[in-house]
Amino acid sequence: MKRWIAPVCAYASGIAVILILLVSCIDWVCFDRSFYEREYANLDSAASLHMSQADLMRATETLLDYLQDERDDIQVTITLYELPKEAFNERERAHMVDVKGLYQFALWVRIAAWFVLLVSISVLWLVKQKELYAWLAVGYVRCAVIFAALLLCLGAWAALDFTSLWESFHRLFFTNELWLLNPRTDLMINLFPERFFLHMVLRIALLFVVGFMALFGWSMWYGTKQGLFLVAWRRKVE
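Definitions and cut-offs
- Residues numbered from 1 in each chain as written.
- Predicted model: local features only at pLDDT ≥ 70, side-chain atom pairs only at ≥ 80, totals over all residues.
- Heavy atoms only, no water.
- Core = buried A, V, L, I, M, F, W, Y, C linked by side-chain atoms within 4.5 Å.
- Buried < 20%, exposed > 50% of the residue type's maximum accessible area, 1.4 Å probe, protein only.
- Helix = DSSP H or I, 4+ residues; strand = E, 2+ residues; numbered from the N terminus.
- Contact = heavy atoms within 4.5 Å.
- Salt bridge = Lys/Arg side-chain N within 4 Å of Asp/Glu carboxyl O.
- Patch = residues over 30% accessible without salt bridge, like charges linked within 9 Å, V, L, I, M, F, W, Y side chains within 5 Å.
- Areas by Shrake-Rupley, 256 points an atom, 1.4 Å probe, with all protein chains shown as cover.
- Phe/Tyr/Trp six-rings, centres within 6.5 Å; stacked < 30°, edge-to-face > 60°.
- Lys NZ or Arg CZ within 6 Å of the ring centre and 35° of its normal.
- pLDDT = per-residue confidence, 0-100.

**Side note on the nonpolar core**
Point 1. Formed by 43 residues in total, the largest nonpolar core has its most connected members in F88 and L191.
Point 2. It is helix α4 (residues 53-67) that contributes the most residues to this core, seven residues altogether.
Point 3. Contacts of F88, omitting those with residues within four sequence positions, involve A59, L63, I74, V76, R93, L187, M188 and L191.
Point 4. With seven residues, the next largest nonpolar core counts C9, A10, L132 and L136 among its residues.

So this is what it looks like as structure tokens:
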């Protein structure tokens, strides 16, 4: 039984690092206010929606603050067609409850991943002190190869049909169809059209890949330096 402790901890640490990196990239991009300002400018959102830039950002800030638990609701008044109006209707408010729940779940996943990572490193340090970095490197590389294959499949899907991928994502993570908004009655879908989310996903993917490959490059360099990826790598780390 003892011989399985190090491999399990190595793989667990690799998975944990990937999850921490992924959730952190999503968190950073989704709450980067400057990203929203640039996208609104590129999409000419204020003019097309007959809103001021100030109201556009006020509505956006309301949504982001709600997701970050800095306010209890998304009720905010804007001026639309020169008339005061509640920005988000009942359906949009109900959908944001689901979105917030999904975001909070992602944060809990990151916390759990940090816990798993710290426990895995601690156990590896106790049972494989001299080979700690070797086990971490091998565990990450093996997990990264599998995750990279999944990432390539998702990337190919997005390149071929992003709409299908985006709809499948919503059907997987939401138990209702509140996300099916109407552009004639719902402001939210006009604030964030598919093109907006495509750019957001691309930015998250780019940021994630940079960190992912940096860690992969270090792990491969260290593993190669230590001879861990030769046929006899097991003998060197056990």
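The structure having been displayed, the exposition proceeds.
**Remarks on the pattern of salt bridges**
Point 1. Within the structure shown, the criterion is met by eight salt bridges.
Point 2. Taking the shortest distance from any N to any O, the salt bridge between R203 and D32 comes out at 2.9 Å. One end of the pair, R203, is in helix α8 (residues 194-225); the other, D32, is in the loop between α1 (5-30) and α2 (33-43), and 171 residues separate them in sequence.
Point 3. Residue classification places R203 among the partly exposed positions, given a relative accessible area of 23%.
Point 4. Assessed through its relative accessible area of 13%, D32 is described here as buried.
Point 5. Where R71 meets D73, a salt bridge forms, and the shortest distance between an N and an O atom there is 3.1 Å.
Point 6. In this structure, a network of salt bridges that share partners links the residues R33, E61 and D65.

**Observations regarding a nonpolar patch on the surface**
Point 1. A surface patch of nonpolar side chains, about 380 Å² in accessible area, is lined by I5, W125, L126 and V127.
Point 2. Considering each element in turn, the nonpolar patch owes the most residues, three residues, to helix α5 (residues 90-127).
Point 3. Looking at the secondary structure, you find I5 in helix α1.

**Side note on the side chain of S45**
Point 1. By the secondary structure assignment, S45 is in helix α3 (residues 45-49).
Point 2. For S45, a relative accessible area of 3% corresponds to the buried category.
Point 3. Those residues within four positions of S45 in sequence are excluded, and the remaining contacts are Y40 and L56.

**A few points about the packing of aromatic side chains**
Point 1. In the structure shown here, the tally under the stated rule is 21 aromatic pairs.
Point 2. Pairing Y140 with F212 gives two aromatic rings, centres 6.1 Å apart and planes at 55°, and the pair type is tilted. Highlighted residues: Y140 in helix α6 (residues 132-173) and F212 in helix α8, separated in sequence by 72 residues. As far as burial versus exposure is concerned, Y140 and F212 are alike and both buried.
Point 3. On the numbers, 5.3 Å between centres and 15° between planes, the contact of W166 with F169 is stacked. Of this pair, W166 and F169 both sit in helix α6, three residues apart, roughly one helical turn.
Point 4. A residue is classified by how much of its surface remains accessible, and F169, at 30% relative accessible area, is partly exposed.
Point 5. If you follow K100 out to its NZ or CZ, it ends over the ring of Y66, 4.5 Å from the centre.

**Observations regarding unusual backbone geometry**
Point 1. Despite not being glycine, H50 has its phi angle at roughly 60°, a positive value.
Point 2. Checked against the element boundaries, H50 lands in the loop between α3 and α4.
Point 3. Take H50: its relative accessible area is 42%, and that puts it in the partly exposed class.
Point 4. Unusually for a residue other than glycine, D69 sits at a positive phi of about 65°.
Point 5. Residue placement: D69 occurs in the loop between α4 and β1 (77-80).
Point 6. A relative accessible area of 52% means that D69 is categorised as exposed.

**Digging into the confidence of the model for the protein chain**
Point 1. Across the protein chain, the average pLDDT comes to 90, with 94% of residues at or above 70.
Point 2. A low-confidence stretch, residues 230-238 (pLDDT under 50), is modelled with 15 contacts involving residues beyond four sequence positions or located in other chains.

**Notes on the side chain of D65**
Point 1. Mapped onto the fold, D65 is located in helix α4.
Point 2. In contact with D65, other than residues within four places in its own chain, are R33, E70 and R71.

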